[in-house]
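Tertiary structure, described
Given next are the chains, with one letter for each unit.
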Amino acid sequence: MLCDWEVQTYEYWVQLLEREAHNASAPKSGLKMQDSYHFYDARPTQALWWSPFVQSFRQLPPMQEPLFSLNQTAATRGLTKALWGVGLRAPSINVPKYLLYLQDRARGLGVEILKADLPVDGGLEKALAAAEQVMTAKGRGGVDCFVNATGLGARKVCGDEAMHPIRGQTVLVKGEAIATRTRTGANYSYCIPRPGSGTTILGGVKEKGNWNGEIDDQTTRQILEENRNLAPELLTGADGGFEVISVQCGFRPGREGGPRLERESVGARRVVHAYGHGGAGYQQSVGSARLVVRLVTESTGGSHVFSRL
Ligand SMILES: Cc1cc2nc3c(=O)[nH]c(=O)nc-3n(C[C@H](O)[C@H](O)[C@H](O)COP(=O)(O)OP(=O)(O)OC[C@H]3O[C@@H](n4cnc5c(N)ncnc54)[C@H](O)[C@@H]3O)c2cc1C
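Only a predicted model underlies this, so the values are computations on that prediction, with no experimental measurement involved.

**Some details on the packing of helix 2 (residues 67-77) against helix 6 (residues 217-230)**
Relative orientation of the contacting elements helix 2 and helix 6 amounts to 140°, with a least axis distance of 8 Å. Regarding the angle of helix 2 to helix 6, the classification is oblique. Along the contact surface, helix 2 presents Leu70, Thr73, Ala74 and Arg77, while helix 6 presents Glu225, Arg228, Asn229 and Leu230. When the residues that make up the contact of helix 2 with helix 6 are grouped by side-chain class, the tally is three nonpolar, two polar and three charged.

**Details of the site of the ligand**
Inspection of the region around the ligand gives 21 residues, with Leu118, Gly278, Gly281, Tyr282 and Gln283 positioned closest. Leu118 is positioned with one of its backbone polar atoms (N or O) 2.9 Å from a nitrogen atom of the ligand. Gln283 is positioned such that a nitrogen or oxygen atom in its side chain is 2.7 Å from a nitrogen atom of the ligand. Protein chains shield 61% of the accessible area of the ligand, which is 1,000 Å² for the free molecule. Here the element with the most residues in the shell around the ligand is strand 10 (residues 244-255); it accounts for four residues.

Reading the values: the criteria
Residues numbered from 1 in each chain as written. Predicted model: local features only at pLDDT ≥ 70, side-chain atom pairs only at ≥ 80, totals over all residues. Heavy atoms only, no water. Axes fitted to C-alpha atoms, helices over the stretch in contact; angles between N-to-C directions. Helix = DSSP H or I, 4+ residues; strand = E, 2+ residues; numbered from the N terminus. Parallel < 35°, antiparallel > 145°, perpendicular 65-115°, else oblique. Contact = heavy atoms within 4.5 Å. Nonpolar A, V, L, I, M, F, W, Y, C, P; charged D, E, K, R; others polar. Near = heavy atom within 4 Å. Polar contact = N/O pair within 3.5 Å; in protein donor to acceptor, adjacent residues only side chain to side chain. Areas by Shrake-Rupley, 256 points an atom, 1.4 Å probe, with all protein chains shown as cover.

Here it is in C-alpha cells:
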C-alpha cells in the first residue's frame, strides 16, 4: 500500500510539472524535476522496489561521475567509500512554497481554513466536539465527517500510543545543490535543493523516540562534515565551508505498524483517521489523500464528496 501511494504521488507530481511547463500562467508549485543520486556502502541486499517506477533509473559506474569524485574526497576525509550508487530523475520540493500552493488551491476550491487548538485531555470525542463548535461559531453548520490528520498530535488527540517521534535535524544553507543526494550506510546524510529559493536543506538524523527539541551542536557539525563530501558545489563560504542560514530540528510522526487510515464512529460523529506517515508524508501524500477521499465518501454515503487531486 505504501509503495503504491509513493508511485501515485510520483506520477502525479510528474504530471503537475508537465502542466506547469505547458502553461506559463499556471501557479508554481515549488516542485522541480532534478537528478537524484543514492549512494550506498555496498549493493543493497534487497532490490530497490521503486526502480521500475522512476524516470532515468540507472546504476552508477564507480569510475565515473558522480561516484568517482565522491570517493576521491571521501578517502581524504576518512569517510567510508560508497561502492554502489544509482541515479534517477525525481521531483524535489521547496516545501514552504508547496504548502502555500496547496493552501491557495484549496481556497480556490472553496475551502475555508479555521485554526484552533483542540483539547487533548478528554479523548477524541471531546476534541471532535470542540472542532464542531469552531465550525458552528462560524455559522458553517454540522460536520458530515472529520478527517483526523493530527500527525504526532494523534498520540494525545486520540490516545494512539503507537505514535512516536522520529527526531530529525537539518541545516539550511545558501545555494541550490545541482542534484538531490542521499548517502545511506556507514554515514546517513542528504542534501535536498529547495527549487527557486537559492537554498538547500542538509540532513540529517533519524532518532526514534527522541523528544529533544533542542539543537544538538555535535549533530550539526556531523551534518556539515558529511555533506562537504556530498554537495561540494555549496562550499561557498569565505572559510571554504557552507554558508549556514539556519539549523532546525523536527519530529517525523512515526507509528508502529505504519500509517493509520481508517474510518471510525465516535458516538454519532464520523471520523476518517489519516496520520502516522513517518518520514514519508510528502512522498506518500497523493496516494494517501486519494484513499482518504474514498473513506470519507464511504463514510458519508458517497453522494457529495469528490476528489480534485
Ligand atoms: C527532519 C524531517 C525530514 C523529513 N523528510 C521527509 C522526506 O524526505 N520525505 C517526505 O515525504 N517527508 C519528509 N518529512 C515529512 C514528515 O516526515 C511527515 O511525514 C509529514 O510532515 C507529515 O505530515 P502530516 O500532515 O501528517 O503531519 P503534520 O505536518 O505533523 O501535521 C499535523 C497537524 O496537526 C496539528 N495538530 C496536532 N494536534 C493538534 C491539536 N490538539 N489541535 C489542533 N491541531 C493539532 C498540528 O499543529 C499540525 O498542523 C520530514 C520531516 C522532518 C521533520
